[in-house]
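Descriptive analysis of the structure
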Amino acid sequence: MKITIIHGQNHKGCSYHVSRSLVEKLTTDDNISEFFLPKDMPEFCIGCYTCLIKGKEYCPHYKYMKPITESILKSDLLIFTTPVYCLRTTGAMKALLDHYFTWFVVHRPREEMYFKKAVIISSGAGSGMRQAAKDIKDSLFYWGISDIRIYKLRSLAMSWSDVNNERREKIENDMIKLAKKIKNNYDKERVSLRCKVVFYLMRMAQKKDRGSGTKDNQYWLEKGWLDDKRPWKK
Ligand SMILES: Cc1cc2nc3c(=O)[nH]c(=O)nc-3n(C[C@H](O)[C@H](O)[C@H](O)COP(=O)(O)O)c2cc1C
């Protein structure tokens, strides 16, 4: 199982340690690519729309995005970690996700996404874990990923060293269970009804737009999705 881990922070704190506990139960280090934000992608989207008009490879931040994108596309499982910052995900994580807006199903979704699984680990001292995870989940869903699991940790701590043994033991047990579920589902390809409904709504819009010559419409035509092909059918 090839895994990409994207950390919404540079430090190795609570969310980092939860993710490491999970991956050590899933695979060896050889199959893991890991990125830390903002170190590995320090730029904000500048709203130039170059990705939409010309393509992602023309993004002014492509040199940072390229290795992350290649790793995501090659992976079976994507793990996103985030501490809660002011009841949301970190700005660094949001900045990364903004760079993938052309992957939204309304524009140019990637068929690879319909076969991937994702885990979001959200760690907060007290509250906001659900909202922080949702900030990430919304993007992943609109990329076309159906199988998204969320793990929320109430750390009651500022750093990993402050997390007590009882909580660490619970995390360990929770990760054993989560790893088991992921492994059991590994070969199951299931695209949710909600994911398909969103795809078909966007397909209707693209059908109306047929022949408009926009890059999005050309993409849908080339993929054959306005005819019989579907991104989740190999
Ligand atoms: C800028 C900042 C904002 C924070 N905002 C929240 C918050 O809204 N809710 C919360 O429960 N914890 C908040 N925290 C605490 C962290 O989310 C918490 O300590 C978390 O477990 C840290 O995870 P990490 O070790 O992976 O960074 C905040 C911490 C920082 C530095």
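Residue numbers here run from 1 along each chain, matching the order of that chain's written sequence. The predicted nature of this model means local features are confined to residues of pLDDT at least 70 and side-chain atom pairs, given and counted, to a pLDDT of 80 or more, with totals for whole chains, interfaces and linings taken over all residues. Side-chain numbers here rest on the full set of heavy atoms in the structure, without hydrogens or water.

**Some details on the nonpolar core**
Residues belong to one nonpolar core when they are buried, are Ala, Val, Leu, Ile, Met, Phe, Trp, Tyr or Cys, and are joined through side-chain atoms within 4.5 Å. For the exposure calls, accessible area comes from a 1.4 Å probe over protein chains only, and a residue counts as buried if that area is under 20% of its type's maximum, exposed if over 50%, partly exposed in between. Counting residues in hydrophobic clusters, the biggest one holds 37 residues, and the most contacted among them are Ile6, Ile72, Phe80, Leu140 and Trp143. Of all the secondary structure elements, the ones that give two or more residues to this core are α3 (62–74), β3 (77–83), α4 (91–98), β4 (117–124), α5 (129–143), α7 (193–208) and α8 (215–223). If one sorts the elements of this core by residue count, α5 sits on top with 5 residues. Between two residues, a contact is recorded if the distance between any of their heavy atoms is within 4.5 Å. Each residue touching Leu140, except ones within four places of it in the same chain, is listed here: Phe80, Ala118, Ile120, Ile145 and Ile148. Leu26, Ile79, Ile171 and Ile182 belong to the second largest nonpolar core, which has 22 residues in total. For the purposes of this entry, the term helix denotes a DSSP run of H or I that reaches at least four residues, the term strand denotes a run of E that reaches at least two, and both are numbered from the N terminus.

**Let's talk about the site of the ligand**
Any residue with a non-hydrogen atom lying within 4 Å of a molecule or strand is treated as near it. In the vicinity of the ligand, 17 residues are found, and the nearest of them are His11, Cys14, Ser15, Gly126 and Ala157. Between the ligand and Leu87 there is a distance of 2.8 Å, counted from an oxygen atom to a backbone nitrogen or oxygen. Whenever two N or O atoms come within 3.5 Å, that pair is a polar contact, provided that in protein one can donate a hydrogen and the other can accept it, and provided that, for residues adjacent in sequence, both atoms are side-chain atoms. In the environment of the ligand, an oxygen atom lies 2.6 Å from a nitrogen or oxygen atom belonging to the backbone of Gly126. What sets the accessible areas is the Shrake-Rupley method with a 1.4 Å probe; for residues, cover comes only from the shown protein chains. Taking 650 Å² as the accessible area of the ligand by itself, protein coverage stands at 74%. Gly is placed with the polar residues, together with every amino acid not listed as nonpolar (Ala, Val, Leu, Ile, Met, Phe, Trp, Tyr, Cys and Pro) or charged (Asp, Glu, Lys and Arg). Partitioned by chemical class, the residues of the shell around the ligand number 9 nonpolar, 8 polar and no charged.

**Description of the state of the cysteines**
Only a pair of cysteine sulfur atoms within 2.5 Å qualifies as a disulfide here. Within the structure shown, the criterion is met by 0 disulfides. Cysteine Cys51 remains unbridged, with the sulfur of Cys48 as its closest cysteine sulfur at 6.4 Å. Owing to a relative accessible area of 13%, Cys51 belongs among the buried residues under this scheme.

**A closer look at the layout of surface pockets**
Only protein atoms enter the calculation, which uses a 1 Å grid: trapped sets of points that fit a 1.4 Å probe without letting it out are cavities, open sets showing protein on both sides within 12 Å along at least five of seven lines are pockets, and any residue with an atom within 4 Å of a point is a lining residue. Grid points are joined across faces, edges and corners, and a volume is the space filled by probe spheres set on the points. The space that makes up the largest pocket amounts to roughly 560 Å³. Around the largest pocket sit 31 residues that line it, and Gly55, Lys56, Glu57, Thr102 and Arg108 are the ones nearest its centre. Those elements giving two or more residues to the lining of the largest pocket turn out to be α2 (50–53), α3 and α8. Residues of the lining of the largest pocket, tallied by class, amount to 13 nonpolar, 8 polar and 10 charged. Taken as a whole, the second largest pocket holds about 320 Å³ of empty space. If you trace the second largest pocket, you find 16 residues lining it, with Phe115, Lys117, Tyr186, Lys188 and Glu189 closest to the centre. Residue composition of the lining of the second largest pocket, grouped by class: 3 nonpolar, 3 polar and 10 charged.

**Regarding the packing of aromatic side chains**
Pairing of aromatic side chains here covers Phe, Tyr and the six-membered ring of Trp, requires ring centres within 6.5 Å, and sorts the geometry by plane angle: under 30 degrees stacked, over 60 edge-to-face, intermediate tilted. All chains considered together, the criterion is met by 16 aromatic pairs. Taking 5.3 Å as the distance between ring centres and 70° as the angle between the ring planes, the aromatic pair formed by Tyr100 and Trp143 counts as edge-to-face. In this pair, Tyr100 is assigned in the loop between α4 and β4 and Trp143 in helix α5, connecting sequence segments 43 residues apart. Here Phe199 and Trp220 contribute two aromatic rings whose centre-to-centre distance is 5.1 Å and whose plane-to-plane angle is 20°, an arrangement assigned as stacked. You can see Phe199 sitting in helix α7 and its partner Trp220 sitting in helix α8, a full 21 residues away along the chain. Summarising the burial analysis for this pair, Phe199 and Trp220 share the class buried.

**Details of the pattern of salt bridges**
Proximity of charged atoms lets side chains of opposite charge pair with each other. We define a salt bridge as a side-chain nitrogen of Lys or Arg found within 4 Å of a carboxyl oxygen belonging to Asp or Glu. Evaluation of the coordinates by the stated rule reveals 15 salt bridges. Across the salt bridge formed by Lys25 and Glu172, the nearest N and O atoms sit 3.0 Å from each other. Note that Lys25 is positioned in the loop between α1 (14–23) and β2 (32–36) and Glu172 in helix α6 (residues 165–185), a separation of 147 residues in sequence. Judged by its relative accessible area of 18%, Lys25 is buried. Of the charged contacts in the structure, one is a salt bridge between Arg108 and Asp216, with a shortest N-O distance of 2.6 Å. Residue Arg108 is located in the loop between α4 and β4, and its partner Asp216 is located in helix α8; the two are separated by 108 residues in the primary sequence. Residue class for Arg108 comes out buried when judged on its relative accessible area of 8%. A single network of salt bridges, built from pairs that share partners, joins Glu24, Lys25 and Glu172.

**A few points about empty space enclosed by the protein**
According to the stated counting rule, one finds 1 cavity of 30 Å³ or more in the structure shown. Its volume calculated, the largest cavity comes out at about 40 Å³. Taken together, Leu77, Lys117, Ala118, Val119, Asp147, Arg149, Ile182 and Asn185 make up the full set of residues lining the largest cavity. Of all the secondary structure elements, the ones that give two or more residues to the lining of the largest cavity are β4, β5 (147–154) and α6. Sorting elements by how many residues they give to the lining of the largest cavity places β4 first, with 3 residues. Across the lining of the largest cavity, the residue classes tally to 4 nonpolar, 1 polar and 3 charged.

None of this, on its own, says anything about what the molecule does.
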